[in-house]
Amino acid sequence: MEKKKISHEFDYYALLFFLLAFIGWIWEVLLYLCTAHAFINRGVYRGPYLPIYGVGGLALCFLFRPLQRKPLRVFLLSAAVCSVLEYFTSWFLEWLWGIRWWDYSGHFLNLNGRICLVGAVVFGLGGTALVCLLLPLYDRLYREIPVKWRIAICLFLLLVFIADATYCAVRPNTGRGISSG
């Protein structure tokens with residue numbers, strides 16, 4: 001029996017990117033709300049999204065979708081891939097702007113304060129939830145949205161994101177609880 005190849009349009013991945021970037025933003029805002037007892041708009045951009053979560057989620061989608069029925073493997077590989085992404089994103093942002101948006105120096109088994117064990121475990125759990133649970137649900141919901149609406153939402157989100165990225169290329173989101181600079 002031949003396996004059916006899944007093919008998706010650009011809007012499938014663009015909408016998934018924004019969904020994951022928004023979920024990442026919600027995660028970080030709630031994390032800081034619980035730990036620092038303050039609402040902090042985390043990340044380089046002003047909008048309610050953290051692109052690193054969107055990029056990481058798409059990478060996991062492309063790499064590990066075939067492993068949906070192997071959650072332990074997805075967990076381990078997600079932890080590794082996301083940690084590498086987080087390390088190099090931290091390095092790149094610091095190189096680009098001379099600012100650190102996160103620092104795990106006080107955490108157990110950290111590497112140059114850019115990644116740590118607890119972060120890798122959380123990314124492993126999140127990657128497993130994404131690949132094994134969220135992607136099948138997203139596939140069903142995506143098909144329910146009419147094509148015109150998907151394209152309109154996608155274009156709107158892309159325009160807002162481009163405007164935000166353009167503004168933040170000059171004036172990145174920094175300050176107390178957001179960055180070290």
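Every chain is numbered on its own, with residues counted from 1 as its sequence reads. pLDDT decides what is reported in this predicted model: residues at 70 or higher carry local features, side-chain atom pairs at 80 or more are listed and counted, and totals for whole chains, interfaces and linings draw on all residues regardless. The basis for the side-chain values is all heavy atoms of the structure; hydrogens and waters are excluded.

Let's talk about a nonpolar patch on the surface
For step 1, the next point in the chain: Exposure above 30% relative accessible area and the absence of a salt bridge qualify a residue for a patch, where like charges join within 9 Å and nonpolar side chains (Val, Leu, Ile, Met, Phe, Trp, Tyr) within 5 Å. All accessible-area figures derive from a Shrake-Rupley calculation using a 1.4 Å probe, and residue coverage is judged against the displayed protein chains alone. Throughout this description, the term salt bridge denotes a Lys or Arg side-chain nitrogen within 4 Å of a carboxyl oxygen of Asp or Glu. A surface patch of nonpolar side chains, about 530 Å² in accessible area, is lined by Phe22, Ile23, Ile26, Leu30, Leu33 and Phe39.
For step 2, the next point in the chain: The helix count covers DSSP runs of H or I at least four residues long, the strand count covers runs of E at least two residues long, and both are numbered beginning at the N terminus. In this structure, Phe22 sits in helix α1 (residues 10–35).

Some details on the pattern of salt bridges
For step 1, the next point in the chain: Enumeration over the complete set of coordinates arrives at six salt bridges.
For step 2, the next point in the chain: The partner of Glu28 in a salt bridge is Arg42, and the shortest N-O contact between them spans 3.1 Å. Taken together, the residues span a long stretch of sequence, with Glu28 in helix α1 and Arg42 in the loop between α1 and α2 (51–64) at a distance of 14 residues. Of the two residues examined, Glu28 and Arg42, each falls in the buried class.
For step 3, the next point in the chain: Here Glu94 makes a salt bridge to Arg100, at a shortest N to O gap of 2.9 Å.
For step 4, the next point in the chain: Only protein chains enter the calculation, and the probe is 1.4 Å; a residue is then buried if its accessible area is under 20% of its type maximum, exposed if over 50%, and partly exposed in between. The class of Arg100 is buried, set by a relative accessible area of 15%.
For step 5, the next point in the chain: In the salt-bridge network here, residues are joined through shared partners; they are Glu94, Arg100, Asp103 and Arg114.

Observations concerning α1
Working note: α-helix, 3.6 residues per turn, so residues spaced by three or four point in the same direction.
For step 1, the next point in the chain: By this rule, a helix spans an expected 1.5 Å times one less than how many residues it contains. In a regular helix each residue adds 1.5 Å, so 26 residues correspond to 38 Å; α1 covers 37 Å between its end C-alpha atoms and thus fits that length.
For step 2, the next point in the chain: Just downstream of α1 lies His37, where phi reads positive at about 55 degrees.

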